[in-house]
Amino acid sequence: MSAAIETVASAARTDAPPAITLDRVNKWFGALHVLRDISMEVALGERVVVCGPSGSGKSTMIRCINRLETHQDGRILVDGKELTDDVRSLDAIRREVGMVFQSFNLFPHLTVLENCTLAPIWVRRMPKKDAEALAMEYLTKVKIPEQAKKYPGQLSGGQQQRVAIARALCMKPKIMLFDEPTSALDPEMIKEVLDTMVALADTGMTMICVTHEMGFARQVADRVVFMDRGEIVESGPPDTMFNSPQTDRLKLFLSQILRGH
Amino acid sequence: MASDTTTTQLAVATAVPEAAPRTPPISVIGPIAWMRANLFSGWISTAVTLALAYLIARWVIGFVDWAFINAIWSVPNNQTQACRDLRGTGACWAVVTEKHRFILFGTYPYEQHWRPALVCVLFVGLYIVSAMRRFWRKELALVWILALTAIGILMWGGILGMPYVPQERWGGLPITLILSTFGLAFAFPLAILVALGRRSKMPAIKAICVLYVELIRGVPLISLLFMASVMFPLFLPEGMNIDKLLRAQIAIILFAGAYLAEVVRGGLQALDKGQYEAADALGLSYWHKTSFIILPQALRLVIPPLVNTFIGFFKDTSLVLIIGIFDLLTAGKTAIVEPAWQGFGVEVYITIGLIYFCFCFAMSKYSQGLEAELNRHRRR
Ligand SMILES: Nc1ncnc2c1ncn2[C@@H]1O[C@H](COP(=O)(O)OP(=O)(O)O)[C@@H](O)[C@H]1O
Ligand SMILES: [Mg+2]
């Protein structure tokens with residue numbers, strides 16, 4: 001299974017080293033085996049959409065990539081560096097990997113601008129002026145420069161999520177992780193966030209995105225990965241996956257998603 | 001969010017038939033309407049209101065009579081007979097007029113009283129400056145160091161032509177202010193470190209912090225003060241003698257630190273886990289994360305219990321009387337030991353109570369303002 005995935009990926013891309021490598025990763029929460037022998041490679045510039053039923057381990061998997069969770073077995077390489085307990089290398093990896101959460105997790109006591117400049121100033125040691133210019137540039141890209149002086153609590157959900165995307169981009173990451181970025185949003189705000197993500201994909205950013213937005217997957221994904229009960233069950237280009245699913249589990253999942261929509 | 005949109009839709013739906021804006025009926029606003037709704041809403045409520053109003057009025061009139069109308073404000077040369085004749089009908093503020101300097105400054109040499117008086121003014125000035133947000137800069141630490149040095153020089157003297165006054169002679173309000181200011185100024189940072197330590201992933205640090213909090217919380221402050229004054233010197237090498245006030249001060253710092261640490265820990269726990277994760281995901285180091293993201297939010301959440309603890313400790317400093325330190329309350333007690341003035345405790349305690357109240361009420365009011373201002377970002 002995983003060998004097939006790797007061939008597809010490397011056939012589609014040049015022979016640059018992969019941005020992310022997961023090699024037989026296992027993780028348990030207590031006795032609960034949440035990741036079972038997960039192997040996957042994501043090439044530089046590749047866009048991967050991860051889907052699967054709730055509780056299948058999608059969040060856990062992408063949280064292992066920037067080590068918000070620690071895996072217990074197997075290897076994870078990000079940008080060629082292996083994730084270990086070493087704090088220095090961890091900091092280096094987190095600088096290269098941006099993350100967007102389902103619940104935004106903006107810092108409510110800081111303004112939108114301060115949210116965006118904090119990490120560039122203190123982690124990248126950027127002068128304040130430059131950091132602010134950079135933040136304004138990204139806030140313009142996500143189409144909310146006029147909200148820079150407001151507090152997150154004064155914005156709508158869609159606007160907050162776009163700030164969260166801008167905040168992650170201000171660190172100039174090589175890889176972006178999205179964990180159900182639109183699941184907490186009202187329907188009328190989903191589109192503005194997806195549009196922002198499509199625009200980001202068009203810049204060639206390496207992205208791993210957990211989402212059930214099939215339209216988005218078809219539009220930008222190079223590959224869709226279907227997870228169930230901690231395993232990667234099936235993966236391939238979006239059209240193949242959605243039009244001719246191979247496994248019963250994916251068929252069942254797709255029928256549930258379609259009924260839900 | 002969703003409820004916002006539905007209310008707007010509802011508002012639109014009801015607004016359409018009648019275009020003219022409607023003012024609420026007169027009877028639901030204004031003080032009369034408020035009284036009708038809250039004080040006289042039924043016959044039981046009316047009866048309770050009237051009965052309580054009668055009791056309050058009687059008590060207030062009685063107090064005003066006693067405290068102001070029948071009161072004696074001063075007597076010549078300790079002739080307290082006039083006061084004694086009025087027992088029960090009028091207050092004898094003469095005791096306060098006569099003894100106020102002793103109550104405020106204890107046994108500090110009389111002709112040097114300007115020094116502790118200036119110390120009190122300095123303390124109050126320090127509080128006011130520190131309370132203003134526009135002075136919340138690094139320089140404030142310097143101001144504190146300077147002010148505290150000045151306070152030390154004034155109290156001890158021995159230079160600049162001021163005669164030396166040993167610490168045993170200090171007393172009254174300066175002692176209370178010294179113990180509580182230093183106590184809280186040192187206990188608060190200690191508490192933050194202990195609270196962070198209790199959540200540390202390093203088992204040794206965590207164990208030390210848990211042990212400290214549990215041990216200190218498990219004993220009353222009085223026994224800690226006793227230990228500081230009686231047992232602590234036993235452990236010190238011969239000839240080395242730490243000042244009694246300093247020992248009490250250390251005991252208070254340790255005690256307040258343990259309580260404040262638990263308050264701070266409550267704030268750390270109440271904070272959404274997502275805040276920690278977002279800071280981690282951005283690559284912020286532990287100290288950057290803690291000082292920019294975690295503490296500012298956690299401390300804001302616990303302003304009310306923090307100030308509650310502050311106020312409690314301000315008053316608890318009066319327990320140092322147990323080891324023979326003359327704080328404000330002890331000085332007041334001692335002031336009425338003299339036979340001529342025995343029996344006028346009520347007047348003295350009311351006065352001391354008022355002084356405590358001024359400080360505590362100021363703290364409480366200030367914290368309310370600070371809370372509203374710092375949590376402004378929560379409002380929409
Ligand atoms: N911190 C945790 N402690 C214990 N169990 C957890 C924790 N986080 C997630 N789980 C469990 O791990 C499984 C996978 O969770 P998750 O990765 O969040 O799934 P998904 O994102 O696909 O819905 C679920 O059964 C969940 O209950
Ligand atoms: Mg999830």
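Note that this is a predicted model, so its numbers are computed, not measured.

Section: the state of the cysteines
Residues and elements named next belong to chain A.
Item 1. As enumerated under the stated definition, the model contains zero disulfides over all chains in all.
Item 2. With no disulfide partner, Cys-116 has as its closest neighbouring cysteine sulfur the one in Cys-170, 4.6 Å distant.
Item 3. What makes Cys-116 buried here is its relative accessible area of 1%.

Some details on the site of ligand 1
All names here are of chain A.
Item 1. Phe-29, Leu-32, Val-34, Pro-53, Ser-54, Gly-55, Ser-56, Gly-57, Lys-58, Ser-59 and Thr-60 make up every residue found near ligand 1.
Item 2. Within the backbone of Ser-56, one N or O atom sits 3.2 Å away from an oxygen atom of ligand 1.
Item 3. Separating an oxygen atom of ligand 1 from a side-chain N or O atom of Lys-58 is a distance of 2.8 Å.
Item 4. Starting from 560 Å² of accessible surface for ligand 1 in isolation, the protein chains cover 59%.
Item 5. Among the elements that line the shell around ligand 1, the one with the most residues is helix H2 (residues 58–65), at three residues.

Some remarks on the UniProt feature "transmembrane region" (unreviewed entry) in chain B
Item 1. What UniProt calls "transmembrane region" (unreviewed entry) maps, in this numbering, to residues 39–61, 113–129, 141–165, 177–197, 209–236, 248–268 and 348–366 of chain B.
Item 2. Span residues 177–197 of chain B is 100% helix and 0% strand, its end C-alpha atoms 29 Å apart.

A few points about the pattern of salt bridges
A side chain with one charge can pair with a side chain of the opposite charge if their charged atoms come near.
Residues and elements named next belong to chain A.
Item 1. This structure, assessed with the given rule, holds 26 salt bridges over all chains.
Item 2. Put simply, Arg-223 and Glu-46 hold a salt bridge, and the shortest N to O gap is 3.0 Å. Taken together, the residues span a long stretch of sequence, with Arg-223 in strand S9 (residues 223–228) and Glu-46 in the loop between strand S2 (32–42) and strand S3 (47–51) at a distance of 177 residues. In terms of burial, Arg-223 and Glu-46 fall into one category: buried.

Thoughts on the packing of helix H8 (residues 173–198) of chain B against helix H11 (residues 244–270) of chain B
Residues and elements named next belong to chain B.
Item 1. One way to put it is that H8 packs onto H11 with a least axis distance of 6 Å and a crossing angle of 45 degrees. In this view, H8 runs oblique relative to H11, as classed from their interaxial angle. The chirality of how H8 crosses H11 is right-handed.
Item 2. Looking at the contact of H8 with H11 residue by residue, the class counts come to 22 nonpolar, three polar and three charged.

Considerations on empty space enclosed by the protein
All names here are of chain A.
Item 1. Enumeration according to the criterion identifies one cavity of 30 Å³ or more in this entry.
Item 2. Counted as a void, the largest cavity has a volume near 50 Å³.
Item 3. When residues in the lining of the largest cavity are grouped by element, the largest group, three residues, is from helix H6 (residues 157–169).
Item 4. Its residues assigned to classes, the lining of the largest cavity shows seven nonpolar, one polar and one charged.

Calculation criteria
- Per-chain numbering applies: the sequence of each chain, read as written, is numbered from 1 onward.
- Both sets of labels track the order of writing: A upward for chains, 1 upward for ligands.
- The predicted origin of the model limits local features to residues at a pLDDT of at least 70 and limits the giving and counting of side-chain atom pairs to 80 or more, whereas totals for whole chains, interfaces and linings rest on all residues.
- Side-chain metrics rest on all non-hydrogen atoms present in the structure, leaving aside hydrogens and water.
- Any two cysteine sulfur atoms within 2.5 Å of one another count as a disulfide.
- Relative accessibility thresholds used throughout: buried, under 20% of the residue-type maximum; exposed, over 50%; partly exposed, between the two (1.4 Å probe, protein chains only).
- When at least one non-hydrogen atom of a residue lies within 4 Å of a molecule or strand, that residue is treated as near it.
- Pairing of N or O atoms within 3.5 Å defines a polar contact, subject to two protein rules: one partner must be a possible hydrogen donor and the other a possible acceptor, and residues neighboring in sequence count only if both atoms are side-chain atoms.
- Residue exposure ignores everything except the shown protein chains as possible cover, and the areas themselves are Shrake-Rupley values with a 1.4 Å probe.
- Numbering of helices and strands starts at the N terminus; helices are DSSP runs of H or I of at least 4 residues and strands are runs of E of at least 2.
- UniProt positions are given in the numbering used here, feature names are shortened, and annotations may be inferred rather than shown by experiment.
- The term salt bridge refers to a pairing of a side-chain nitrogen on Lys or Arg with a carboxyl oxygen on Asp or Glu at a separation within 4 Å.
- Interaxial angle, 0 to 180 degrees, is taken between N-to-C directions of lines fitted to C-alpha atoms, where a helix line uses only the stretch in contact.
- Roughly parallel means an angle under 35 degrees; roughly antiparallel means over 145; roughly perpendicular covers 65 to 115; every other angle is labelled oblique.
- Crossing handedness is read from the near helix: turned anticlockwise from the far helix by less than a right angle, it gives a left-handed crossing, and turned clockwise, a right-handed one.
- All amino acids are sorted into three groups, where Ala, Val, Leu, Ile, Met, Phe, Trp, Tyr, Cys and Pro are nonpolar, Asp, Glu, Lys and Arg are charged, and the leftover types, Gly among them, are polar.
- A cavity here means a set of 1 Å grid points, computed over protein atoms only, where a 1.4 Å probe fits but cannot escape. A pocket is an open set with protein on both sides within 12 Å along at least 5 of 7 lines, and lining residues have an atom within 4 Å of a point.
- Grid points are joined across faces, edges and corners, and a volume is the space filled by probe spheres set on the points.

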